[in-house]
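Secondary and tertiary structure notes
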Amino acid sequence: MIENLPGDSVLNQEAFLFGVATSAFQIEGAVGERRPCIWDAFCREPGKIRDGSNGDIACDHVARSEADLDLLAWLGVDAYRFSINWARFLDEQGRIDPRGLAFYDRLLDGLAERGIKPFVTLYHWELPQHLEARGGWLERDTAARFRDYAALAATRLGDRVEAWATLNEPWCSAWLGYGNGIHAPGRTGLGAYRKAGHHLLLAHGMALEALRSESKSVPVGIVLNDSPCLPASDQPEDADAARIAEAFHYRWFLEPVLAGRYPGLADELPEAQQPPIRPGDLACIGAPIDYLGLNYYTVERYRAGGPLGFEAEPPQGTTSDMGWAVDPDGLRHLLEELAERYELPPVYICENGIALRDECVDGVVDDPRRAAYLRDHLLALDEALRAGVDVRGYFHWSLLDNFEWAEGYTKRFGLVWVDYDTLERVPKGSAHALRQWLGARPGIRRGTP
Ligand code: FCB
C-alpha cells in the first residue's frame, strides 16, 4: 500500500506505533446506561444536526465491543485511541458508576489480551449535562470536577493505560461549543469562547497533576487540532490575517500548554474578551507534558477582513466529503514549523483521515481514495521524521464510520463501513490495504504479547 516508503523509514520500526482512533459519543450508543451529556441535549434541538440524528445507538459499540476489538486485532494495529464518556464513568455526585467502570474495564482487558496499546482520552467533548446545567465550561469549578474525574480514572484504570490524553481539541469545545455555537452546548459569544477555553485549559493542567500523582508511570498529554494557517496571497494584509487566524485557532491553546502564556493577541482584546486568568493558572496549564497529540486534516488560507480580522478562503484543489482541502504536505509543513518554533515534546498524530461518499455494493466497499490519502500522509510524515521531528506514532481517524457531530451520520470517515440499519461492520478496501501493510512491516511482532 505504501509503495514508495523507503525500507529504512522510521514508520517501519517497532518503536513507531500505528493505530486507529474513535471517541465515546461517536460510537458507543447505550444511552440508557449512562447519564445524559451535552450532546444528547444538543441533538434534541431541532436543526442542530444535519440529519436530525443523535448518539442513542451510534455504532452500538458498548454492546459490540468484543467484535470491534476483534476488528482491531484483525487490522493488526499496535495501538487504539478511544475516549471515556465522563457521564458513563461517574454519576452526578462524582462517584464511580459500576456499569460504566465494568465497560471500560472490559475494553482495556480486551485490548491487553490482544496485545494492543490503549491511548485513552478523558474528554472528547461530552460534558455531563448536570455540569452544563451549572454553567458548564463557563464555570471555573468544572475544571475541578474534571480533575476529580481524572484522578478516579487514573486509580481505577491507569494500570492498563499506555498513555493518557486530558482533552481532545479544546479549540473545538470552546469555539464551536461556546463561540459560534455549531456544537454542543450551542452557546455563542467571543467572551464565552475565551472563558470556556481558559477553563478547559485549566482543566487540562489540573488533570495533568492528578494523573501524574495517581498513575505515575503513564505518560500524559493533550490532543490539539493544529492546521497550518497560510496567507491567501502575497499581500502584507493577508499575511497579517493568517497570523491572527493562527493565534485565534491553534496558538491560543498550544502556547499556554507549551510555553505557559497566551499569544500576544490576548493583550489587544477588550476586557470582556480576556480569559479569566487567576494567579498560578498559567503555571498549572504550562506544566510539562509527556507528549503532544496533534490532529491533522487540512490547511486553511486566509484573507484580511471580517469581524475577527481574517476570513477563510474556499479550499483549493481536491477536497473531502467534509469540503476540507486534501493537503498531505501540510502535515510535514505543520510538524516542521512547530518543531522550529517550540521546544516540542514527543509528538503523536492522534487523528488524520478523510470523509468520502462510500457505498457498500454487494458487501464490498471500494475506497481507493482513502488508501491513497493514508499513503500520502504517511509519506509526508516520513519526510518530517527525516527532517528530525520526533513523532512516535500515528492514529488514523477512524476505525468505524460514526456520528460526525453536527453532520450526524452523513459523513463516513471509517476504515470499516457501518450499516446503520443492521449495525453490521464491513471492512472497506482501505482496511484490507492497511492490514496488508501493517502485516508486512519488517521485523514487527504481531498479536498477543
Ligand atoms: C475531529 C474530531 C473527531 C472527528 C474528526 C473528523 O475534529 O476530534 O471527533 O469528528 O474531527
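Residues numbered from 1 in each chain as written. Predicted model: local features only at pLDDT ≥ 70, side-chain atom pairs only at ≥ 80, totals over all residues. Heavy atoms only, no water.

Per the secondary structure count, the protein includes 14 helices and 15 strands. For the protein, the C-alpha radius of gyration of 21 Å lies close to 22 Å, the compact-globule estimate for 449 residues. Structurally, the protein occupies a C-alpha span of about 55 × 55 × 45 Å along its principal axes. Within the protein, contacts between residues separated by at least 24 positions form 77% of all contacts whose residues are at least 6 apart in sequence. Carbon and sulfur atoms provide 49% of the accessible area of the protein, an area that totals close to 17000 Å². Treating the 46 positive side-chain charges of the protein as one cloud and the 68 negative ones as another, the clouds have centres 4 Å apart. (Helix = DSSP H or I, 4+ residues; strand = E, 2+ residues; numbered from the N terminus. Rg over C-alpha atoms; globule rule 2.2 N^0.38 Å. Contact = heavy atoms within 4.5 Å. Areas by Shrake-Rupley, 256 points an atom, 1.4 Å probe, with all protein chains shown as cover. Lys, Arg positive; Asp, Glu negative; His and termini not counted. Charge placed at Lys NZ, Arg CZ, Asp CG, Glu CD.)

Taking strand neighbours around the barrel as the criterion, the 8 strands line up as E1-E2-E3-E4-E5-E7-E10-E13 in a closed arrangement whose pairing is parallel. With direction set aside, neighbouring strand axes in the sheet form an average angle of 25°. Where strand E3 (residues 117–123) meets strand E4 (residues 163–168), 4 bridges bridge the pair, whose relative direction is parallel. Directly across from Val 120, in E4, lies its bridge partner Trp 164. Each of strand E2 (79–83) and E3 is contacted by helix H5 (residues 98–113), which is oriented at about 170° to E2, the strand it contacts most. (Pairing = 2+ DSSP bridges. Axes fitted to C-alpha atoms, helices over the stretch in contact; angles between N-to-C directions.)

Following the sequence through the fold, Asn 168 ends up in strand E4. Accessibility expressed as a relative area gives 0% for Asn 168, which makes it buried. Here the side chain of Asn 168 touches Asn 295 through a polar contact of 3.1 Å, side chain to side chain. Excluding residues within four positions of it along the chain, Asn 168 makes contact with Arg 81, Thr 121, Tyr 123, His 124, Trp 125, Ser 173, Val 223, Asn 295 and Glu 351. (Buried < 20%, exposed > 50% of the residue type's maximum accessible area, 1.4 Å probe, protein only. Polar contact = N/O pair within 3.5 Å; in protein donor to acceptor, adjacent residues only side chain to side chain.)

What follows concerns the site of the ligand. In the neighbourhood of the ligand, the contacting residues comprise Gln 26, His 124, Trp 125, Asn 168, Glu 169, Tyr 297, Glu 351, Trp 397, Glu 404, Trp 405 and Phe 413. Within the contact set of the ligand, an oxygen atom lies 2.7 Å away from a side-chain nitrogen or oxygen of Glu 404. Its free accessible area being 290 Å², the ligand has 95% of it covered by the protein chains. A class-by-class count of the residues in the shell around the ligand yields 5 nonpolar, 3 polar and 3 charged. (Near = heavy atom within 4 Å. Nonpolar A, V, L, I, M, F, W, Y, C, P; charged D, E, K, R; others polar.)

Quick look at the pairing of strand E10 (residues 347–351) now. With 5 of 5 residues buried, E10 lies mostly within the body of the structure. In terms of strand pairing, strand E7 (residues 291–295) meets E10 through 4 bridges, oriented parallel. Considered in E10, the bridge of Asn 295 is made with Glu 351. Across 3 bridges, E10 lies against strand E13 (residues 391–397) in parallel orientation. Bridge pairing in E13 places Val 347 opposite Val 391.

Attention shifts here to the state of the cysteines. The tally for this structure, following the rule as stated, stands at 0 disulfides. With no disulfide of its own, Cys 172 has Cys 229 as its nearest cysteine by sulfur position, at a separation of 13 Å. Note on Cys 172: relative accessible area 7%, which makes it buried. (Disulfide = S-S within 2.5 Å.)

Our focus in this paragraph is the sheet that holds strand E8 (residues 300–303). The 3 strands lie next to each other as E6-E8-E9, forming an open sheet whose pairing is mixed. Bordering the open sheet on either side are strand E6 (229–231) and strand E9 (311–312), each of which pairs with just one other strand. Pairing between E8 and E9: 2 bridges, direction antiparallel. Residue Arg 303 lies in a different strand from E9, and its bridge partner there is Glu 311. The sheet contacts of helix H10 (residues 236–259) involve E6 and E8, and relative to E6 the element is tilted by about 170°.

This part covers the packing of aromatic side chains. Inspection of every chain in the model, using the stated rule, returns 36 aromatic pairs. With a centroid separation of 5.1 Å and 45° between ring planes, the pair formed by Tyr 193 and Phe 248 is classed as tilted. Residue Tyr 193 is found in helix H9 (residues 190–214), and its partner Phe 248 is found in helix H10; the two are separated by 55 residues along the sequence. Exposure class is identical for Tyr 193 and Phe 248. Each is buried. An aromatic cluster of three or more residues is present, and its members are Phe 25, Trp 39, Phe 42, Trp 125, Phe 403, Trp 405, Tyr 409 and Tyr 420. For the cation-ring pair, Arg 194 lies above Trp 252, with the distance from its terminal atom to the ring centre recorded as 4.7 Å. The ring of Trp 417 carries Arg 412 above its face, with NZ or CZ at 3.6 Å from the centroid. (Phe/Tyr/Trp six-rings, centres within 6.5 Å; stacked < 30°, edge-to-face > 60°. Lys NZ or Arg CZ within 6 Å of the ring centre and 35° of its normal.)

To continue, consider helix H12 (residues 328–341). Here H12 spans 21 Å end to end across 14 residues, near enough to the 20 Å set by a 1.5 Å rise per residue. Buried within H12 are the following residues: Pro 328, Gly 330, Leu 331, Arg 332, Leu 334, Leu 335, Glu 337 and Leu 338. Lining the buried residues of H12 we find H10, E7, E10, helix H13 (368–386) and E13. (Expected span 1.5 Å × (residues − 1).)

Another aspect to go through is the environment of Leu 72. Its place among the elements puts Leu 72 in helix H3 (residues 61–75). Taking the C-alpha atoms as reference points, Leu 72 and Glu 33, 39 residues apart in sequence, are found 25 Å from one another. Residues within four places of Leu 72 in sequence aside, it is in contact with Val 20, Val 77, Tyr 80, Leu 111, Ile 116 and Leu 399.

We now examine the pattern of salt bridges. This structure, assessed with the given rule, holds 46 salt bridges. A salt bridge links Asp 141 to Arg 145, with the shortest nitrogen-to-oxygen separation between them at 2.8 Å. You can see Asp 141 and its partner Arg 145 sitting in helix H7 (residues 141–157), 4 residues apart, about one turn around the helix. Given the relative accessible area of 34%, Asp 141 is considered partly exposed. (Salt bridge = Lys/Arg side-chain N within 4 Å of Asp/Glu carboxyl O.)

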